[in-house]
Amino acid sequence: MAAPGKATVLLKAVKKITVQFCPFESNVRSTREFLALVGSEKARSTNMNCEVMPVVKHDKSEPVVDVTYVDGERLVMKGAKLTCSEMLGAFQSRCKDKDQQAKAGAKK
C-alpha cells in the first residue's frame, strides 16, 4: 500500500463517494485501501463538503466504489479485479479533468 499512499488525493470535484464491500470476502483488499486513502484526513481536507460513506455488508456482494461528481457524473468501479493503484489512477485522472474543466469555465 506504500505506492498509492504517495499520491495526493484531491476531492475538489467530488460530491459523494460510496464504498461498498463485504469484509469477509477475499477480494476486498484494494477497495479497503482505496477507502483508507479517500477517507484520510488529508484527502478530506481538500473538500470538506465531500461525503465519504463506507457501506459494510454481509451478503457476499462484490466490492464497489461509486463516485458522484459535483456535475452529476458518476464513476462506478468494481474492486474485485482492480488494484488500489488502478482505482486511484482512474479516480485521479477524472478528478483532474473535472478540475481543468472548472478552471476553463471560470476563465470564460
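First, a word on what this report is: a plain description of the structure on this page. (Residues numbered from 1 in each chain as written. Predicted model: local features only at pLDDT ≥ 70, side-chain atom pairs only at ≥ 80, totals over all residues. Heavy atoms only, no water.)

### Things to note about the nonpolar core
Okay, step 1: In this structure, Val14, Ile17, Phe34, Val67 and Phe91 are the most contacted members of the largest nonpolar core, which totals 25 residues.
Okay, step 2: Counting residues per element, the ones that place at least two in this core are β1 (14-21), α2 (29-38), β3 (64-69), β4 (74-78) and α4 (84-107).
Okay, step 3: Ranked by residue count, the leading element in this core is α4, at 5 residues.
Okay, step 4: Once residues within four sequence positions are removed from consideration, Phe34 is found in contact with Val65, Met77, Cys84, Met87, Leu88 and Phe91. (Core = buried A, V, L, I, M, F, W, Y, C linked by side-chain atoms within 4.5 Å. Buried < 20%, exposed > 50% of the residue type's maximum accessible area, 1.4 Å probe, protein only. Helix = DSSP H or I, 4+ residues; strand = E, 2+ residues; numbered from the N terminus. Contact = heavy atoms within 4.5 Å.)

### As for α4
Okay, step 1: Here α4 contains 24 residues, and its C-alpha end-to-end distance of 34 Å stays within 8% of the 34 Å for a straight helix at 1.5 Å per residue.
Okay, step 2: Turning to α4, its buried residues are Cys84, Met87, Leu88, Phe91, Gln92, Cys95 and Lys98. (Expected span 1.5 Å × (residues − 1).)

### Regarding the packing of α2 against α4
Okay, step 1: Between α2 and α4, whose axes approach to 8 Å, the crossing angle comes to 45°. Taken together, the axes of α2 and α4 are oblique relative to one another. Crossing geometry of α2 relative to α4 is assigned as right-handed. Facing α2, whose interface residues are Ser30, Thr31, Glu33, Phe34, Leu37 and Val38, α4 presents Cys84, Met87, Leu88 and Phe91. (Axes fitted to C-alpha atoms, helices over the stretch in contact; angles between N-to-C directions. Parallel < 35°, antiparallel > 145°, perpendicular 65-115°, else oblique. Left-handed = near helix turned anticlockwise from the far one by under 90°.)

### Concerning the pattern of salt bridges
Okay, step 1: In this structure the tally under the stated criterion is 5 salt bridges.
Okay, step 2: Between Arg29 and Glu33 there is a salt bridge whose closest N-O contact spans 2.9 Å. Here Arg29 pairs with Glu33, and both are found in helix α2, just 4 residues apart, close to one helical turn.
Okay, step 3: Given the relative accessible area of 63%, Arg29 is considered exposed.
Okay, step 4: For Glu33, a relative accessible area of 13% translates into the label buried.
Okay, step 5: One salt bridge connects Glu73 with Lys98, and the closest N-O pair in it is separated by 2.3 Å. Note that Glu73 is positioned in the loop between β3 and β4 and Lys98 in helix α4, a separation of 25 residues in sequence.
Okay, step 6: For Glu73, a relative accessible area of 32% translates into the label partly exposed.
Okay, step 7: When salt bridges with common partners are traced through the structure, they connect Asp71, Glu73, Arg94 and Lys98 into a single cluster. (Salt bridge = Lys/Arg side-chain N within 4 Å of Asp/Glu carboxyl O.)

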